[in-house]
Amino acid sequence: MTIDAGPVWQQLYQDSYHSLLRLAVLLTSDRLAAEDAVQDAFIGFWRRVEALDDPGAARGYLRTAVVNNSRSVLRRRRTAGKHLRDLHPPDPPGADHALMTDIRDQELRAAVEALPRRQREVVVLRYWSELSLAEVAQTLGVSIGTVKSTASRAMDRLEQALGDTR
């Protein structure tokens, strides 16, 4: 099946870029790395667009690619951190830093960032990105039951870290 890489795909880029970028920023806590993760997802998508059987699956493909690219960023960061801890200067605050300076927001972001990787991914995809259980499961390549149990454990940890605010 040949798919024209014209206006439909340009519209997909325009409609999806900012939400995918926010997803990557929440997963990586680094705007520049998040931009790279999203761009790499689109590059991979464009390379394989001719083989795409279901154009409706494009958003899911891109979301999964962004999550996987964000995981790679975190792996590289962890590896580099082991070797270059003293040489890596902290990232300057992003342009949206003022929006995130509320104390409660900072506490929430810190608590979410402290979650194990899978729990953080489920929380970001389910509650921030407002994906259905099935969409989260598909994005992460796990069962719906795994999403439910992981979300429950994550919410318990957040409740312990932030107090009972459910």
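Everything that follows concerns the structure shown earlier in this document.
Overview of the structure.

Rules used in this analysis
Residues numbered from 1 in each chain as written. Predicted model: local features only at pLDDT ≥ 70, side-chain atom pairs only at ≥ 80, totals over all residues. Heavy atoms only, no water. Core = buried A, V, L, I, M, F, W, Y, C linked by side-chain atoms within 4.5 Å. Buried < 20%, exposed > 50% of the residue type's maximum accessible area, 1.4 Å probe, protein only. Helix = DSSP H or I, 4+ residues; strand = E, 2+ residues; numbered from the N terminus. Contact = heavy atoms within 4.5 Å. Polar contact = N/O pair within 3.5 Å; in protein donor to acceptor, adjacent residues only side chain to side chain. Expected span 1.5 Å × (residues − 1). Bend = angle between axes of the 7 residues up to and from the residue.

Take the nonpolar core next. Of all hydrophobic cores here, the largest spans 38 residues; its most connected members are Val 38 and Phe 45. Where this core is concerned, the elements lending two or more residues are α1 (7–28), α2 (31–48), α3 (58–84), α4 (103–114), α5 (117–128), α6 (133–140) and α7 (144–162). Leave out the neighbours within four places in its chain, and Phe 45 touches Trp 9, Leu 12, Leu 52, Ala 58, Tyr 61 and Leu 62.

The next point concerns the side chain of Thr 139. Structurally, Thr 139 can be placed in helix α6. A relative accessible area of 3% places Thr 139 in the buried class. Side chain to side chain, Thr 139 and Arg 63 meet in a polar contact 3.1 Å long. A distance of 2.8 Å separates a polar side-chain atom of Thr 139 from the backbone oxygen of Glu 135. Setting aside anything within four residues of it in sequence, one finds Thr 139 in contact with Arg 63, Thr 64, Val 67, Leu 125 and Leu 131.

Residues three or four positions apart in an α-helix share a direction because the helix packs 3.6 residues into each turn. Spanning 22 residues, α1 covers 31 Å between terminal C-alpha atoms, matching the ideal 32 Å at 1.5 Å per step. Maximum bend of α1: about 40°, positioned at Ser 16. The set of residues buried in α1 consists of Trp 9, Leu 12, Ser 16, Tyr 17, Leu 20, Leu 21, Leu 23, Ala 24, Val 25, Leu 27 and Thr 28. Backbone geometry just after α1 places Ser 29 at a positive phi near 60°.

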